[in-house]
Amino acid sequence: MALAPPEIIGRGTWLDKVASEIVERELKLSRQVDLLRVESGLGASGVPHIGNYSDAARAYGIKLALESIGKRAELIAFSDDMDGLRKVPAGLPKSLSKYIGFPVSSVLDPFGCHESYGSHMSGLLLEALDKTGMKYRSVSGTRAYKEGLFNSQIDKILSNAARVGEIIKETLGQEKYTEVLPYFPVCESCGRIYTTRALEYFPDRHAVRYSCDGMELRGEMLKGCGHRGEVDVFSGRGKLSWKVEFAARWSALKVNYEAYGKELIDSVKTNDRVMEEVLAEPPPFHTRYEHFLDKTGAKVSKSVGNVLAPQLWLRYAPPQTLLLLMYKRSVGSRAVWVKDIPTYIAELDELEDVYFGRKEVKDPKELARLRGLYEYVWHLSPPRTPTAHIPHNLLVYLVKVAPKGKEKEFVIQRLAGYGYQVDANDQRFQDRLEKAINWAREIETITTGPMQVEGKEREAILELAGIVNASADENYLQNSVFTIAKKHDLEPGPFFKTLYRVLIGADHGPRLGPYILAMGRDNVATALASAARMASK
């Protein structure tokens, strides 16, 4: 009995599975699926990092997947620029501390290039979306409140504040909102937002009575000014608590899908209930993701300064590599740092080989997934032909030894000598070369992929690592390869080939003596030792 072919949803990726589940759910709810909206919140309180970018990138991937099955879709990039400044992020001027508690859209831009601190920070993230080719509709929280986008939702939530307070208590275990309203007025006296307590709502004139009492912030008390007053909640001079604001956004913007990080599980649960029980609407479809970690295992965070900005990544690699990082899988936390970039460059090249049939993948389901992944990192418009795949370390080496100002001509000439056919007019190659130049000038490292070495080769590689650390003579280093090969009863040709694969990612390349010095003896010794350690596991 023949096995049935595996079911492949769309292009075979997790993006396609989520998109199909969104459509299926909307149809069950008997709602129109003519235009489906996915949303991502943009933090505006600090320098955006790769984790912030991932929220929008994954949402955009879902938008593409919806479009790939014939649905119109839109990404809404919502800037949380009404949020209050809670802390001065690492690396920013300490003078900003006087604005703690103020909405970030009312804080001056310390860099002097945007209308506010909030627009500067959210602008950095929008710039990253632009640089990776995403299409979106930008919505500012500050403008949305001022323009009345949430008026209906604010009125319903505040009119049902007692029920909202019970929902928050039941899901989060917090009793605060059984005593105060889930709304923060901007104090008309001191200008702060989180120091206010909303005490009573008057629905006939949509006004809230409040007092500016202060708040506990990171274990310390931020004093209020003591002012008591009223605010028209339709005026934009205040915002909903985030414990209910998601629901208001989903309702007003008619959002069909939003993902969330695991730290927001209870918040999303609360907002889903507010959506259903107070606003009387189904909440969006959700998926959950985990955070990116730095190499210490700590969550990437703008407040502690371990930030990997998407702009930094794009300085050294094509935008498709950043999208590959986001789309290759949706679950599991990942440690990532600048030095991982070459790994994703190589992975993108491998995807391209699969896509154009230059590498065989026998499993039809895996083949569909890899091909689909390649199409998504190219926004469903992949190139018609592959580009030349030059190992990152080789390109960086050639840039390092090229005459200044003549890098392009020198690199192309040398690559031809190594058997690489490069079209000098290929824009993708030119972009890759430009980023290799940045890497060569600014990053002192080489990156190696997994390489299986064992037995006599492993012992020889370990010995070479020690010699590399001990000598700066390129001729001595070059000749040492022959000497060590003979000592360990290895043929020099195959041993050189192994070394090239470990250090460059190709079967051949430049003379190893000059390469070792140009790439840094410590870096090369570390790469050799790492390959030997990997083989011993």
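The sections below set out a description of the structure shown in this document. (Residues numbered from 1 in each chain as written. Predicted model: local features only at pLDDT ≥ 70, side-chain atom pairs only at ≥ 80, totals over all residues. Heavy atoms only, no water.)

## A short note on a positive patch on the surface
- Side chains of Arg86, Lys87, Lys94, Lys176 and Arg218 sit close together on the surface and give a patch of like positive charge.
- Tracing the chain through its elements places arginine 86 in the loop between strand 2 (72-79) and helix 3 (117-131).
- On the accessibility criterion, arginine 86 (37% relative accessible area) is partly exposed. (Patch = residues over 30% accessible without salt bridge, like charges linked within 9 Å, V, L, I, M, F, W, Y side chains within 5 Å. Areas by Shrake-Rupley, 256 points an atom, 1.4 Å probe, with all protein chains shown as cover. Salt bridge = Lys/Arg side-chain N within 4 Å of Asp/Glu carboxyl O. Lys, Arg positive; Asp, Glu negative; His and termini not counted. Charge placed at Lys NZ, Arg CZ, Asp CG, Glu CD. Helix = DSSP H or I, 4+ residues; strand = E, 2+ residues; numbered from the N terminus. Buried < 20%, exposed > 50% of the residue type's maximum accessible area, 1.4 Å probe, protein only.)

## Brief notes about the nonpolar core
- One finds Tyr53, Trp313, Leu415, Leu503 and Leu528 to be the most contacted residues of the largest nonpolar core, which totals 110 residues.
- Broken down by element, this core gets its largest block of residues, 10 residues, from helix 2 (residues 50-68).
- Formed by 61 residues, the second largest nonpolar core is a distinct cluster that contains Val139, Tyr145, Ile193 and Phe246. (Core = buried A, V, L, I, M, F, W, Y, C linked by side-chain atoms within 4.5 Å.)

## Regarding the pairing of strand 8 (residues 220-223)
- Summarising the sheet, strand 7 (residues 214-217) and strand 8 pair through 4 bridges and their orientation is antiparallel. Note that in strand 8 the partner of glycine 214 across the bridge is lysine 223.
- Where strand 7 hands over to strand 8, the hairpin turn is made up of 2 residues, of which arginine 218 adopts a positive phi near 55 degrees. (Pairing = 2+ DSSP bridges.)

## Topic: the environment of leucine 172
- Positionally, leucine 172 belongs in helix 6 (residues 161-172).
- For leucine 172, a relative accessible area of 23% translates into the label partly exposed.
- Through-space distance from the C-alpha of leucine 172 to that of alanine 472 is 62 Å; in sequence the pair is 300 residues apart.
- When neighbours within four sequence positions are excluded, leucine 172 is seen to be in contact with Lys243, Asp266, Ser267 and Thr270. (Contact = heavy atoms within 4.5 Å.)

## Let's talk about the pairing of strand 2
- Within strand 2, 7 of the 8 residues are buried, which leaves it mostly tucked inside the rest of the structure.
- Relative to strand 2, strand 1 (residues 35-42) runs parallel, the two being bridged by 8 bridges. Within strand 2, the residue paired with serine 40 across the bridge is alanine 77.
- You can see the chain leave strand 1, run along helix 2 and come back into strand 2, and the turn it takes is right-handed.
- In this structure, strand 2 lies alongside strand 3 (residues 137-140), joined through 4 bridges in parallel fashion. If you follow isoleucine 76 over to strand 3, its bridge partner there is arginine 137.
- For the segment spanning strand 2, helix 3 and strand 3, crossover handedness is right-handed. (Right-handed = clockwise from strand over helix to strand, strands pointing away.)

## Things to note about the pattern of salt bridges
- One pass over the full model with this rule turns up 34 salt bridges.
- Among the salt bridges present, the one from arginine 441 reaches glutamate 407, with a minimum N-O distance of 3.6 Å. Here glutamate 407 lies in helix 14 (residues 407-417) and arginine 441 lies in helix 15 (residues 427-442), a separation of 34 residues in the sequence.
- By relative accessible area, which is 54% here, arginine 441 ends up exposed.
- The partner of lysine 487 in a salt bridge is glutamate 463, and the shortest N-O contact between them spans 3.0 Å. With lysine 487 in helix 17 (residues 474-487) and glutamate 463 in helix 16 (residues 455-470), this residue pair connects regions lying 24 residues apart in the sequence.
- Of the residues examined, glutamate 463 reaches a relative accessible area of 25% and is grouped as partly exposed.

## Here's the deal with the sheet that holds strand 3
- Ordered in space as 1-2-3, the 3 strands form an open sheet in which the pairing is parallel. The strands lining the two open edges of the sheet, one partner per strand, are strand 1 and strand 3. When strand polarity is set aside, the average angle formed by the axes of neighbouring strands in this sheet is 25 degrees.
- Along the sheet face, helix 2 touches strand 1 and strand 2 and points at about 170 degrees away from the line of strand 1.
- Strands strand 1, strand 2 and strand 3 of the sheet are contacted by helix 7 (residues 242-253), whose axis makes an angle of about 150 degrees with strand 1. (Axes fitted to C-alpha atoms, helices over the stretch in contact; angles between N-to-C directions.)

## Remarks on the packing of aromatic side chains
- Per the counting criterion, the structure on display carries 15 aromatic pairs.
- Put simply, the rings of Tyr355, Phe356, Tyr374 and Trp378 pair up and form one aromatic cluster.
- Positioned over the ring face of tyrosine 194 is arginine 86, at 4.5 Å from the centre of the ring. (Phe/Tyr/Trp six-rings, centres within 6.5 Å; stacked < 30°, edge-to-face > 60°. Lys NZ or Arg CZ within 6 Å of the ring centre and 35° of its normal.)

## Considerations on the side chain of glutamate 258
- Its place among the elements puts glutamate 258 in the loop between helix 7 and strand 11 (260-261).
- Residue classification places glutamate 258 among the buried residues on the basis of a relative accessible area of 9%.
- Within the local environment of glutamate 258, its side chain forms a polar contact with the side chain of tryptophan 250, the two groups lying 2.9 Å apart. (Polar contact = N/O pair within 3.5 Å; in protein donor to acceptor, adjacent residues only side chain to side chain.)

## Looking at the packing of helix 13 (residues 392-401) against helix 15
- It is at 9 Å that the axes of helix 13 and helix 15 come closest, and there the two elements cross at 70 degrees. In terms of their interaxial angle, helix 13 and helix 15 are classed as roughly perpendicular. Crossing geometry of helix 13 relative to helix 15 is assigned as right-handed. Where helix 13 approaches helix 15, its residues His392, Leu395, Val396, Val399 and Lys400 are matched on the opposing element by Phe429, Arg432, Leu433, Ala436, Ile437, Trp439 and Ala440.
- Residue classes in the contact of helix 13 with helix 15 are distributed as 9 nonpolar, 1 polar and 2 charged. (Parallel < 35°, antiparallel > 145°, perpendicular 65-115°, else oblique. Left-handed = near helix turned anticlockwise from the far one by under 90°. Nonpolar A, V, L, I, M, F, W, Y, C, P; charged D, E, K, R; others polar.)

Interpretation note: all reported values are geometric properties and have no functional meaning in isolation.
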